[in-house]
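Commentary on secondary and tertiary structure
Here is what each chain is made of, one letter per residue.
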Amino acid sequence: MAPRPTLRDVATAAGVHPATASRALNEDTRSLVRPATVERVRQVATALGYSPNPIARSLKTNRSETVGVLVPDITNPVFPPIVRGVEDFLAEHGYTALTANTDNDPERAALNFAAMQARQVDGYIIATARRDDPLLHDAAGRGVPMVLVNRQTEGLDVSAVTGDDSVGISRVVDHLVDLGHTRIGHVAGPSSTSTGIARERAFRSALERYDLSAAAAVTAQAFTEAAGRTAMLELLEAGAPTAVVAGNDLLAIGCYDALDDLGLECPRDVSVVGFNDMPFIGRLRPPLTSVRVPQYELGIEAARLLLDRLSGRSTTPRSVLLPVTLVVRGSTAPPPGARARRRGRGSAPSPG
């Protein structure tokens, strides 16, 4: 077996000093080398089949060039696009993502966090944040580089990237009121999460703009289909909504299940709206109206913020809100016996 080519081999073949070759092959220092030299060194490295030794580089730079990514539930279709965005952006900059699933369990999150620290990850992208999260407060206090994605923790001064929950819910309520609904209920996400609380607050605020009160509101125990079904059954017992805003798409699917249990139909009897616009929800029967959150872009922006922090380009925490879009499908219609009030507001129906 031929010996693995070294940086010195690349430098010799390219006719440059090894230090110059190293700078040319490192994105952070490439700007210090003339473009023509960079191109020549990269071509030689490719021709020789050279790739940096990550162990040797980490010993020299005190960087592992790996990032820990914690997600609450990888089976939830919301999170794979976020992780993919993180991975794609990191790969472009020479970093690797180590991803772990916590099952929304704080103890498991702490174990995964510690295991990644033992592997000397350079920083973290956290999608598991709870509103009150001692693990993240402790890590931030120790100066651990991290960025929150999709969720936030109260009182934690670190960068975060989320969709605009408030605008999304406001557009949902506008849409339902335009259809003629006045008895609108809410199946909220868990109050332990920022998304659950933010979307519930936005829901109540939007109703106040129309001088409406919620027909009923129930908080689900988890962002799952089963929890959505249980909460929807409780909501229907507590009131008589003609439309229901669910805290996310999985909860909305649970609302479908509850309506089916009771022999009711969506949207004939009750309109249902979700949040996140997960893949394939347009294939439900009826296709689900939902707020589209750009999950892949959430991952990209989170990775960008973390690398900015690691490189020293940015030291001030930033909170980034990405725009959302209401996608109207077949799960929303005028209430039974009512004539829709159209005022020209809201999104045009999407074929999605």
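Scroll up for the structure.
Described in the following lines is the structure provided in the data block.

Analysis parameters
- Residues numbered from 1 in each chain as written.
- Predicted model: local features only at pLDDT ≥ 70, side-chain atom pairs only at ≥ 80, totals over all residues.
- Heavy atoms only, no water.
- Helix = DSSP H or I, 4+ residues; strand = E, 2+ residues; numbered from the N terminus.
- Expected span 1.5 Å × (residues − 1).
- Buried < 20%, exposed > 50% of the residue type's maximum accessible area, 1.4 Å probe, protein only.
- Contact = heavy atoms within 4.5 Å.
- Polar contact = N/O pair within 3.5 Å; in protein donor to acceptor, adjacent residues only side chain to side chain.
- Pairing = 2+ DSSP bridges.
- Axes fitted to C-alpha atoms, helices over the stretch in contact; angles between N-to-C directions.
- Disulfide = S-S within 2.5 Å.

On to helix α12 (residues 295-311), then. If you check α12, its first and last C-alpha atoms are 25 Å apart, about what 17 residues at 1.5 Å a residue would give, namely 24 Å. Residues of α12 that are buried include every one of Gln 295, Leu 298, Gly 299, Ile 300, Ala 302, Ala 303, Leu 305, Leu 306, Leu 307, Asp 308 and Leu 310, and no others. Phi turns positive one or two residues past the end of α12, at Gly 312, with a value near 85°.

Here Pro 81 lies in helix α5 (residues 79-92). Linking Pro 81 and Arg 283, residues 202 residues apart in sequence, is a C-alpha distance of 18 Å. Those residues within four positions of Pro 81 in sequence are excluded, and the remaining contacts are Gln 295 and Tyr 296.

What follows is about the side chain of Asp 174. Residue placement: Asp 174 occurs in helix α8 (residues 165-179). With relative accessibility at 10%, the residue Asp 174 sits in the buried group. A polar side-chain atom of Asp 174 sits 2.6 Å from a polar atom in the side chain of Tyr 210.

Because side chains alternate across strand β11 (residues 319-322), one face comprises the buried residues Val 320 and Leu 322, and the other comprises Ser 319 and Leu 321, none of which is buried. Sheet topology places strand β5 (residues 159-163) next to β11; 4 bridges connect them, and they run parallel. Opposite Val 161, over in β11, you have Val 320 as the bridge partner.

Quick look at the sheet that holds strand β2 (residues 96-101) now. One open sheet holds the 6 strands; their spatial order is β2-β1-β3-β4-β5-β11, and the pairing between them is parallel. Every interior strand has two partners, whereas the edge strands, β2 and β11, have only one. Averaged over all neighbouring strand pairs, the angle between strand axes comes to 20°, with direction disregarded.

The subject of this paragraph is the state of the cysteines. Covalent bonding between the sulfur atoms of two cysteines is what defines a disulfide. Summed over the entire model, instances satisfying the criterion amount to 0 disulfides. We note that Cys 255 lacks a disulfide partner, and the nearest cysteine sulfur, in Cys 266, lies 9.0 Å from it. When its relative accessible area of 14% is taken as the criterion, Cys 266 is described as buried.

For the rest of this paragraph, the subject is the side chain of Arg 199. By secondary structure assignment, the location of Arg 199 is in helix α9 (residues 194-209). Owing to a relative accessible area of 3%, Arg 199 belongs among the buried residues under this scheme. Reaching out from Arg 199, the side chain makes a polar contact with the backbone oxygen of Gly 247 at a distance of 2.7 Å. Excluding its chain neighbours within four sequence positions, the residues that come into contact with Arg 199 are Asp 165, Ile 169, His 186, Gly 247, Asn 248, Phe 275 and Asn 276.

So, about unusual backbone geometry. In the segment running from Cys 266 into Pro 267, the intervening peptide bond is cis, with an omega of 5°. By the element assignment, Pro 267 lies in the loop between α11 (249-261) and β9 (271-276). Cis rather than trans, the peptide bond between Arg 285 and Pro 286 has omega equal to -5°. Phi angles above zero are rare outside glycine, and Gln 120 is one such case at about 60°. For Gln 120, the location among the structural elements is in the loop between α6 (106-118) and β3 (123-126). Under the relative-accessibility criterion, Gln 120 is labelled exposed at 59%. A positive phi is found at Phe 280, a non-glycine position, where the angle reads about 80°. Residue classification places Phe 280 among the exposed positions, given a relative accessible area of 65%.

Take the sheet that holds β9 next. Strands belonging to one sheet form pairs held by backbone hydrogen bonds; the direction of such a pair is parallel or antiparallel. Here 6 strands make up an open sheet; going across it, the order is β7-β6-β8-β9-β10-β12 and the pairing mixed. Whereas interior strands pair on both sides, the edge strands pair on one side only; in this sheet they are β7 (217-219) and β12 (325-327). Strand-to-strand twist of the sheet, defined as the mean angle between neighbouring strand axes without regard to direction, takes the value 15°. Against the sheet, α8 touches β6 (184-188), β8 (243-246), β9, β10 (289-292) and β12, its axis set at about 165° to β9. Those strands touched by helix α10 (residues 225-238) are β6, β7 and β8, and its axis lies near 150° from that of β6.

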